[in-house]
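# Coordinate inspection notes
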Amino acid sequence: QVQLVESGGGLVQAGGSLRLSCAASGRTFSFMGWFRQAPGKEREFVASVSDIGSTTYYTDSVKGRFTISRDNAKNTVYLQMTSLKSEDTAVYYCAFGPGVWMGDRQKEKRMYGGWGQGTQVTVSS
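Residues numbered from 1 in each chain as written. Predicted model: local features only at pLDDT ≥ 70, side-chain atom pairs only at ≥ 80, totals over all residues. Heavy atoms only, no water.

### Structural notes on empty space enclosed by the protein
- One pass over the full model with this rule turns up 1 cavity of 30 Å³ or more.
- Looking at the largest cavity, its volume works out to about 50 Å³.
- As for the largest cavity, its lining consists of Cys 22, Ala 24, Gly 26, Thr 28, Met 32, Arg 70, Asn 72, Asn 75, Thr 76 and Val 77.
- Looking at the lining of the largest cavity, the elements that each hand over two or more residues are β3 (18-24) and β8 (76-81).
- For the lining of the largest cavity, the residue count by class is 4 nonpolar, 5 polar and 1 charged. (1 Å grid on protein atoms, 1.4 Å probe; cavity = no way out; pocket = protein on both sides within 12 Å on 5 of 7 lines; lining within 4 Å. Points joined across faces, edges and corners; volume = space filled by probe spheres on them. Helix = DSSP H or I, 4+ residues; strand = E, 2+ residues; numbered from the N terminus. Nonpolar A, V, L, I, M, F, W, Y, C, P; charged D, E, K, R; others polar.)

Encoded structure:
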């Protein structure tokens, strides 16, 4: 079974940037997604990317600031985060998504599985 390991989190000042990585132990043939969970809140969708990286989808709050991408040669999915805000503070998780585009359902947590352990992102204001 392919496993996921996130890395790249840390402490950054507001307005700064971080790049998160999600390394898979094998090739993945589905959408991959990033979610985040702030203390006391539900895990929420951030972004997803298709198998070959041609289709991406973002939650409104990160559009224009975050970029999801993948390198299938390295079995790795990335989340480049810029112009970070204090409200971006959360534990970020990656997961396997659906095999095909699901429209608005793409952002539903139940469409994803095989969650990694998460990486903490803290943005100081």
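### Considering the state of the cysteines
- For the structure shown, the criterion picks out 1 disulfide.
- The disulfide that involves Cys 22 links it to Cys 94, with 1.9 Å between the sulfurs. What sets the handedness of the Cys 22 and Cys 94 disulfide is the S-S torsion sign, and at about 65° it is right-handed. Here Cys 22, found in strand β3, pairs with Cys 94, found in strand β9 (residues 90-96); they are 72 residues apart in sequence, far enough to count as distant.
- Judged by relative accessible area, Cys 94 falls into the buried class, the value being 1%. (Disulfide = S-S within 2.5 Å. Buried < 20%, exposed > 50% of the residue type's maximum accessible area, 1.4 Å probe, protein only.)

### Concerning the pattern of salt bridges
- On inspection of all chains with the given rule, the structure shows 8 salt bridges.
- A salt bridge links Arg 27 to Asp 51; the nearest nitrogen and oxygen atoms lie 3.0 Å apart. Of this pair, Arg 27 sits in the loop between β3 and β4 (32-37) while Asp 51 sits in the loop between β5 (44-49) and β6 (56-58), and the two are 24 residues apart along the sequence.
- Residue classification places Arg 27 among the partly exposed positions, given a relative accessible area of 30%.
- The exposure class assigned to Asp 51 is partly exposed, which follows from its relative accessible area of 22%.
- Three or more residues are tied together by salt bridges with common partners; here these are Arg 36, Glu 44, Arg 65 and Asp 88. (Salt bridge = Lys/Arg side-chain N within 4 Å of Asp/Glu carboxyl O.)

### What about unusual backbone geometry?
- If you check the backbone angles, Asn 75 has positive phi at about 50° while not being a glycine.
- Along the chain, Asn 75 falls in the loop between β7 (66-71) and β8.
- Not every positive phi belongs to a glycine, and Ser 83 is a case in point at roughly 45°.
- A relative accessible area of 39% means that Ser 83 is categorised as partly exposed.

### Side note on the side chain of Arg 65
- Summarising the element assignment, Arg 65 is placed in the loop between β6 and β7.
- Relative accessible area serves as the criterion here: at 11%, Arg 65 is assigned to the buried category.
- Within the structure, Arg 65 has its side chain in polar contact with the side chain of Asp 88 (distance 2.8 Å).
- If near-sequence neighbours (up to four positions away) are discounted, Arg 65 is found in contact with Gln 80, Met 81, Thr 82, Ser 83, Leu 84, Lys 85 and Asp 88. (Polar contact = N/O pair within 3.5 Å; in protein donor to acceptor, adjacent residues only side chain to side chain. Contact = heavy atoms within 4.5 Å.)

### Here's the deal with the sheet that holds β9
- Taken in spatial order, the 6 strands of this open sheet run β2-β10-β9-β4-β5-β6, and their pairing is mixed. Looking at strand neighbours, the two that pair on one side only are β2 (10-13) and β6, the edges of this open sheet. Along the sheet, successive strands turn relative to each other by an average axial angle of 25°, direction set aside.
- Pairing analysis gives 3 bridges linking β5 to β6, with the strands arranged antiparallel. (Pairing = 2+ DSSP bridges. Axes fitted to C-alpha atoms, helices over the stretch in contact; angles between N-to-C directions.)

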